[in-house]
Amino acid sequence: MNNRMFSRVVRNCVLVTTAALIASTTMLAQAGTAAFTAPATNTLTRGWGPNQPVNLGTVFTANSSFNVDSLGIYRDPSLTGSEIVGLFDFSTHALLASTTVQLTDTLAGSFLYHAITPVSLLAGHQYEVTAFVGNNPWTFGPAPATDSRVTYNSHLYNYSNQLAFASNSGGSGAAYFGANFTIASVSAVPEPESYALMLAGLAGLTVLGKRKNKSRRA
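Before going into details, it helps to say that this report is about the structure given with it. No experiment lies behind these values; they were computed from the predicted model shown. (Residues numbered from 1 in each chain as written. Predicted model: local features only at pLDDT ≥ 70, side-chain atom pairs only at ≥ 80, totals over all residues. Heavy atoms only, no water.)

### Structural notes on the sheet that holds strand 15 (residues 168-169)
Phase 1 of the analysis: With antiparallel pairing, six strands are arranged side by side in an open sheet as 8-7-11-5-14-15. Looking at the sheet topology across the chains shown, the edges are occupied by strand 8 (95-101) and strand 15.
Phase 2 of the analysis: Of the strand pairs in this sheet, strand 5 (residues 54-62) and strand 11 (residues 126-134) are connected by eight bridges, and their pairing is antiparallel. Across the sheet, Gly57 pairs through a bridge with Thr130, a residue of strand 11. (Pairing = 2+ DSSP bridges. Helix = DSSP H or I, 4+ residues; strand = E, 2+ residues; numbered from the N terminus.)

Here it is in structure tokens:
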């Protein structure tokens, strides 16, 4: 086999390898999936306590391990300002992440989201995502629909002048709206056979390079 023919064979091998690598890549999660989906607007009731700044918490269990990449708030039409959102470990009350969600932040569905440095949550653990609503109005109503990776547990509140873990039993309604978060994407992972194909292609390129060098010296 001459060098030109061998070069063509190797190039074809690399193309096939690349195609196989893409085809066999496993996507483990969707990007930026909302943990909670609010029910229809007409099922929600507005709550508001003027001059009574309050934290509204949503308690949930992580059904699998995943990363949280943004925190959000329900976009009530009557919101007048930003809200601080925190993600807490439910058993220790430790604050894992927090951010201020602005009215100008990304709106997806019924929630505004602000990106954070990804935080890892562990399967089987309970957490609380809490919005310090300040003097903003807020809403409550039926329990939210959830992504399959989380289970909604309960809603809690805490009157405070700053972001704080909510620990008091929720009143009427089944959920506060309220804080939310998005589940981050997970990098695509090639299957084991793909690595073998990739190594074969690289080996072919190495042999081609050696043959070219040898022909030049001749």
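### Quick look at the side chain of Thr99
Phase 1 of the analysis: With respect to the secondary-structure elements, Thr99 resides in strand 8.
Phase 2 of the analysis: On the accessibility criterion, Thr99 (13% relative accessible area) is buried.
Phase 3 of the analysis: With sequence-adjacent residues up to four places away left out, Thr99 is seen in contact with Leu71, Glu83, Ile84, Val85, His114, Ala115 and Ile116. (Buried < 20%, exposed > 50% of the residue type's maximum accessible area, 1.4 Å probe, protein only. Contact = heavy atoms within 4.5 Å.)

### Focus: the pattern of salt bridges
Phase 1 of the analysis: The final tally for this structure, using the stated rule, is two salt bridges.
Phase 2 of the analysis: Of the charged contacts in the structure, one is a salt bridge between Arg46 and Asp76, with a shortest N-O distance of 3.0 Å. In this pair, Arg46 sits in strand 4 (residues 45-47) while Asp76 sits in the loop between strand 6 (66-74) and strand 7 (83-89), placing the two residues 30 residues apart along the sequence.
Phase 3 of the analysis: Asp147 serves as the salt-bridge partner of Arg149, at 2.8 Å between the closest nitrogen and oxygen. Judged on exposure class, the residue Arg149 and its partner Asp147 are both buried. (Salt bridge = Lys/Arg side-chain N within 4 Å of Asp/Glu carboxyl O.)

### A closer look at the environment of Gln102
Phase 1 of the analysis: With respect to the helices and strands, Gln102 occurs in the loop between strand 8 and strand 9 (106-108).
Phase 2 of the analysis: Sequence separation between Gln102 and His114 is 12 residues; the distance between their C-alpha atoms is 7.7 Å.
Phase 3 of the analysis: Beyond its immediate stretch of four places on either side in the chain, Gln102 contacts Ser82 and Leu112.

### Structural notes on the side chain of Asp105
Phase 1 of the analysis: In this structure, Asp105 sits in the loop between strand 8 and strand 9.
Phase 2 of the analysis: The buried charged residue Asp105 lacks any salt bridge, with Arg75 as its nearest oppositely charged partner at 10 Å.
Phase 3 of the analysis: A distance of 3.0 Å separates polar atoms of two side chains, one belonging to Asp105 and the other to His114. (Lys, Arg positive; Asp, Glu negative; His and termini not counted. Polar contact = N/O pair within 3.5 Å; in protein donor to acceptor, adjacent residues only side chain to side chain.)

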